[in-house]
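Understanding the architecture of this molecule
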Amino acid sequence: MTPLIKLSSTQLEALQARLSRLAEGAPGGALLSITLDLGACSGDADDDWLERQPKSAETCYWARPDRGEYRLGIGRAVVCASAGPARFTALQAAHAGVAQHWRHDGRSVGSDIADSFEPVACLGFAFDEESTGELPNTQLGVAAVLLSSQHGRRRATFTTPARDHQGAMRRWQALLETSPRASQSVPAGTLPDPTLAARAWQARVGAALAAIEAGEIDKVVLSRGVRIALPKAIAPVTLLRRLTQQHPESTVFAIGNSHGVFLGATPEQLVGLTDGLARADALAGTAWAGQPLVIDKNTHEQQLVVDAIRQAMEPLCASLHLPPAPQVLQLRDLQHLWTPVSGEVRAGVGLFDLIARLHPTPAVGGWPTAAACEWLRRNGEKRPGWYGGGVGRTDRHGNGEVAVALRCGLLSAGGIELSAGAGIVAGSQPAHEFGETEAKLATMLGALQPDETQGLTQALAGTR
């Protein structure tokens, strides 16, 4: 089997020598990272690292195809998990502990000067702080091997705890092994009867509208899941390759373990932080199939999100910048109202402080936040994987980015469960909101379109 990358004996010897130097005097709990420059990006499909399926089930993936940015993490050098009301505080403490003793050798070949590339930790969290499932509720981890393509360069970063550095070379080489070449085809799946789903949705929307009319909440985001049975397994890299090709303007992501793979293509950033500048997306209001975007229902939803993000970020920022009116975010099949928000954070404010203040925005939970989330719990809202939560990355210095986990699915043995939601406000019509969820489900259904003539496309047509 061909490894993910081929390292010559000279490269392996140099890697071992650099690791030995980096480990000198390091505390046992320190992280040691070494980056190899693999040359310029080729501009072809190999840059996205999806040509072969990693043998390890422990993977993470992050891509922005329109920027030529791809990262594939394999295995774990360190991982921390949490849950409950203090979960982001716990992750912040874990990150601080890791970053304090994180050594990185990023020298280019033939140079003693390190380039600006930084290794990253991957993070993710569920919508609800108490939910459980195939993925930990909240997780921060550093991949043992990180393959990246960005800024025109391909790189491999190898990481190990200092205490385990003696066996690191063997572990890294094992992680670069691939599974037997997976089929690039997608089997025809079986969709459930949409009639029952539509009736259940109508009842839930009716309950939400009653709560809104009673003054309990102003908005609540309801989600629905679609379980698709598959007769044979799909290689995750096949779905990721399709998502990067079909949705290059979105963030394509995946996190995998022995229980399954959570993956998708989301258009929305929860928050990013780079050298003290924070950025967040206020994204709400949806139109599809030629429908008008700027209508009262959509502008009301959008304003709720803008106001909530402003209130969340103002205490953490010395200044805040918003455009005077929302812009239109044009995706492949959907349009959204979008207001980019940015601000210079105050001294001592970090990425996890911003996450804790912003999540969940009214775009995924509702408004007021606490009342909407409590209503969802009481009414049995279940969100598979990290749907409605976040996925992202952060470096040693606290710079990073977190995307809202939307347009996604949880792939496990026997099938995949897709999720989509819609915001319910006064005047919402159940049938229209059901149609919105179907339009959003089309992101993953497009990637799942089988090669056989009788499959998901035909089945989906019967639900509309």
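Structure: see above.
Here's a quick rundown of the structure.

Here is what the cut-offs are and how they apply
Residues numbered from 1 in each chain as written. Predicted model: local features only at pLDDT ≥ 70, side-chain atom pairs only at ≥ 80, totals over all residues. Heavy atoms only, no water. Helix = DSSP H or I, 4+ residues; strand = E, 2+ residues; numbered from the N terminus. Rg over C-alpha atoms; globule rule 2.2 N^0.38 Å. Buried < 20%, exposed > 50% of the residue type's maximum accessible area, 1.4 Å probe, protein only. Contact = heavy atoms within 4.5 Å. Areas by Shrake-Rupley, 256 points an atom, 1.4 Å probe, with all protein chains shown as cover. Lys, Arg positive; Asp, Glu negative; His and termini not counted. Charge placed at Lys NZ, Arg CZ, Asp CG, Glu CD. Pairing = 2+ DSSP bridges. Core = buried A, V, L, I, M, F, W, Y, C linked by side-chain atoms within 4.5 Å. Axes fitted to C-alpha atoms, helices over the stretch in contact; angles between N-to-C directions. Parallel < 35°, antiparallel > 145°, perpendicular 65-115°, else oblique. Left-handed = near helix turned anticlockwise from the far one by under 90°. Phe/Tyr/Trp six-rings, centres within 6.5 Å; stacked < 30°, edge-to-face > 60°. Lys NZ or Arg CZ within 6 Å of the ring centre and 35° of its normal. 1 Å grid on protein atoms, 1.4 Å probe; cavity = no way out; pocket = protein on both sides within 12 Å on 5 of 7 lines; lining within 4 Å. Points joined across faces, edges and corners; volume = space filled by probe spheres on them. Nonpolar A, V, L, I, M, F, W, Y, C, P; charged D, E, K, R; others polar. Arc of directions from axis to C-beta.

On to the overall build of the protein, then. Per the secondary structure count, the protein includes 10 helices and 22 strands. Computed over C-alpha atoms, the radius of gyration of the protein comes to 22 Å, within 12% of the 23 Å expected from 2.2 N^0.38 for 464 residues, which places it in the range of a compact globule. Among the 464 residues that make up the protein, the fraction classed as buried is 55%. Relative to all contacts within the protein whose residues are 6 or more apart in sequence, the contacts with residues 24 or more apart total 75%. In the structure as shown, the protein presents an accessible area of about 18,900 Å², 52% of it carried by carbon and sulfur atoms. Here the protein contributes 42 positive and 46 negative side-chain charges, whose respective centroids are spaced 4 Å apart.

Attention now moves to the sheet that holds strand β2 (residues 59-64). Note on sheets: strands pair through backbone hydrogen bonds, and any given pair is parallel or antiparallel. Taken together, 12 strands build an open sheet; the order of strands is β5-β1-β9-β8-β3-β2-β11-β12-β21-β22-β10-β18 and the sheet is mixed. In this open sheet, the two edge strands, each paired with only one partner strand, are β5 (102-105) and β18 (366-367). Two elements, strand β1 (residues 31-40) and strand β9 (residues 153-161), share nine bridges in a ladder whose sense is antiparallel. Note on β9: the bridge partner recorded for D37 is R155.

In this chain, H359 is followed by P360 through a cis amide linkage whose omega measures -10 degrees. The phi angle at D275 is positive, at roughly 50 degrees, despite the residue not being glycine. Along the chain, D275 falls in the loop between β13 (269-274) and β14 (277-288). Look at A289: it is not a glycine, yet its phi comes out positive at around 50 degrees. Note on placement: A289 falls in the loop between β14 and α6 (296-313).

Grouped together as the largest cluster of nonpolar side chains are 69 residues, with contacts concentrated most on L222, F262 and I355. Among the nonpolar cores identified, the runner-up in size contains 55 residues, and L32, W49, A162 and M444 belong to it.

Considering the arrangement of structural elements, one finds A121 in strand β6 (residues 120-125). Measuring from C-alpha to C-alpha, the distance between A121 and Y70 comes to 15 Å, with 51 residues separating the pair along the chain.

Judged by how many residues are buried, strand β20 (residues 400-404) sits mostly within the fold: five of five residues are covered. In this structure, β13 lies alongside β20, joined through four bridges in antiparallel fashion. If you follow Q269 over to β20, its bridge partner there is A403.

Interhelical geometry of helix α5 (residues 236-246) versus helix α9 (residues 430-447) gives an angle of 125 degrees and a closest axis separation of 8 Å. The angle between α5 and α9 places the two elements in the oblique class. Remark: the crossing between α5 and α9 carries right-handed chirality. Of the residues in α9, those touching α5 at L239, R242, L243 and Q246 are T443, M444, G446 and A447.

Taken as a whole and judged by the stated rule, the model has four aromatic pairs. Ring geometry for F253 versus F262: centroids 5.7 Å apart, planes at 45 degrees, classification tilted. The pair F253 / F262 is uniform in exposure class, with both members buried. Taking NZ or CZ as reference, R383 lies 3.9 Å from the ring centre of F127, over its face.

This part covers the layout of surface pockets. Space inside the largest pocket adds up to approximately 800 Å³. Lining the largest pocket we find 36 residues, and of these R67, E69, R279, R393 and E401 sit closest to its centre. At the level of elements, β3 (69-74), β13, β14, β16 (327-330), β19 (390-395) and β20 are the ones that each hand at least two residues to the lining of the largest pocket. Residues of the lining of the largest pocket, tallied by class, amount to nine nonpolar, 13 polar and 14 charged. In this structure, the second largest pocket encloses a volume near 550 Å³. Taken together, 34 residues make up the lining of the second largest pocket; nearest its centre are Q53, I234, A235, P236 and V261. Breaking the lining of the second largest pocket down by element, the ones donating at least two residues are β2, α5, β11 (251-257), β12 (260-266) and β21 (408-412).

Here we come to helix α8 (residues 369-378). Spacing of three or four residues puts side chains on the same side of an α-helix, whose turn is 3.6 residues. Listed in full, the buried residues belonging to α8 are A372, C373, W375 and L376. The buried residues of α8 occupy one face: seen down the axis, they fall within an arc of 155 degrees. Lining the buried residues of α8 we find α4 (194-213), β10 (219-229) and β18. Looking one or two residues past α8, G380 carries a phi angle of roughly 75 degrees, positive in sign.

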